[in-house]
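Fold and geometry: a report
The residues making up each chain are set out below.
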Amino acid sequence: KNEVEQSPQNLTAQEGEFITINCSYSVGISALHWLQQHPGGGIVSLFMLSSGKKKHGRLIATINIQEKHSSLHITASHPRDSAVYICAVNFSRVNYGGSQGNLIFGKGTKLSVKP
Amino acid sequence: DGGITQSPKYLFRKEGQNVTLSCEQNLNHDAMYWYRQDPGQGLRLIYYSQIVNDFQKGDIAEGYSVSREKKESFPLTVTSAQKNPTAFYLCASSRGLAGLITYDEQFFGPGTRLTVL
């Protein structure tokens, strides 16, 4: 079964801490996405990557295709970073019977950053 | 401003009633998606449409129906056949796949929280 696993499920940090959220998947992919969902429910896309590393402000996303693993890092965390972070993948054509544009989602990591 | 709108934000319905959730986008995107989100679970795909006048079932299509008569609009009807419709529903859109492109970024609406009384 094509699966996406995230860890940890819940994470509490103090303001200023370095945070890492992990994502692993079961079979080959064409791309991996990191999404952020705020308490109101809306979702925004943070990163879309198929190899290497991307950085945007205090957020860094890395992916290791061979190990089928990705990490999202937040440096100098702030209470406004509190949200649910979701990993999602596009499985490659040989591994997925639906449209390659479709995303398969992890269950999310709920991050709470305390002041 | 370009984006995706969903209405209403909160919706209550009685058991046995059909209800339609609206999703509109002005991003000129070809592809549109409907997801359901339940506590403790990842988003699950209900229906998707890669082009106007065409749509496909996702992983949990039973009890739902959609239409795609216009590029901008992809309404979702939750029918009385859906056994457990209380959930948070998210609509998304993307440019759509073309040529050798095998993935693209999805843009999400604010969601509709449906509660069945």
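One can find the structure itself at the top, above this paragraph.
1. Considerations on the interface of chain B and chain A
Listed per partner, the contact involves 22 residues of chain B and 23 residues of chain A. Together chain B and chain A conceal approximately 1800 Å² of surface at their shared face, both sides included; 56% is due to carbon and sulfur atoms. Between the two partners, chain B and chain A, sit zero salt bridges. Our count for the contact surface shared by chain B and chain A stands at two residue pairs in polar contact (both at pLDDT 80 or more). Contributing elements (two or more residues each) for the side of chain B that touches chain A: strand 4 (31-37), strand 5 (44-51) and strand 9 (87-94) of chain B. Counted by class, the side of chain B that touches chain A contains 11 nonpolar, eight polar and three charged residues.

2. Some thoughts on the pairing of strand 9 of chain B
Moving residue by residue along a regular strand, the side chains alternate between the two faces of the sheet. Residues and elements named next belong to chain B. The element strand 9 is largely enclosed, with a buried count of eight among its eight residues. Where strand 4 meets strand 9, seven bridges bridge the pair, whose relative direction is antiparallel. Paired with Gln 37 across the bridge in strand 9 is Phe 88. Relative to strand 11 (residues 112-116), strand 9 runs antiparallel, the two sharing three bridges. When the bridges of strand 11 are listed, Tyr 89 appears paired with Thr 112.

3. As for the packing of aromatic side chains
Residues and elements named next belong to chain B. As enumerated under the stated definition, the model contains five aromatic pairs over all chains in all. Between Tyr 33 and Tyr 35, the ring centres sit 6.2 Å apart and the planes meet at 15 degrees, which makes this aromatic pair stacked. Neither Tyr 33 nor Tyr 35 differs from the other in exposure class; each is buried. Arranged with centres 5.9 Å apart and planes meeting at 65 degrees, the rings of Tyr 64 and Tyr 89 form a pair that is edge-to-face. In this pair, Tyr 64 is assigned in strand 7 (residues 64-66) and Tyr 89 in strand 9, connecting sequence segments 25 residues apart. The two residues Tyr 64 and Tyr 89 agree in class, both being buried.

Thresholds applied
Residues numbered from 1 in each chain as written. Chains lettered and ligands numbered in written order. Predicted model: local features only at pLDDT ≥ 70, side-chain atom pairs only at ≥ 80, totals over all residues. Heavy atoms only, no water. Contact = heavy atoms within 4.5 Å. Buried area = accessible area lost by both parts, 1.4 Å probe. Salt bridge = Lys/Arg side-chain N within 4 Å of Asp/Glu carboxyl O. Polar contact = N/O pair within 3.5 Å; in protein donor to acceptor, adjacent residues only side chain to side chain. Helix = DSSP H or I, 4+ residues; strand = E, 2+ residues; numbered from the N terminus. Nonpolar A, V, L, I, M, F, W, Y, C, P; charged D, E, K, R; others polar. Buried < 20%, exposed > 50% of the residue type's maximum accessible area, 1.4 Å probe, protein only. Pairing = 2+ DSSP bridges. Phe/Tyr/Trp six-rings, centres within 6.5 Å; stacked < 30°, edge-to-face > 60°.

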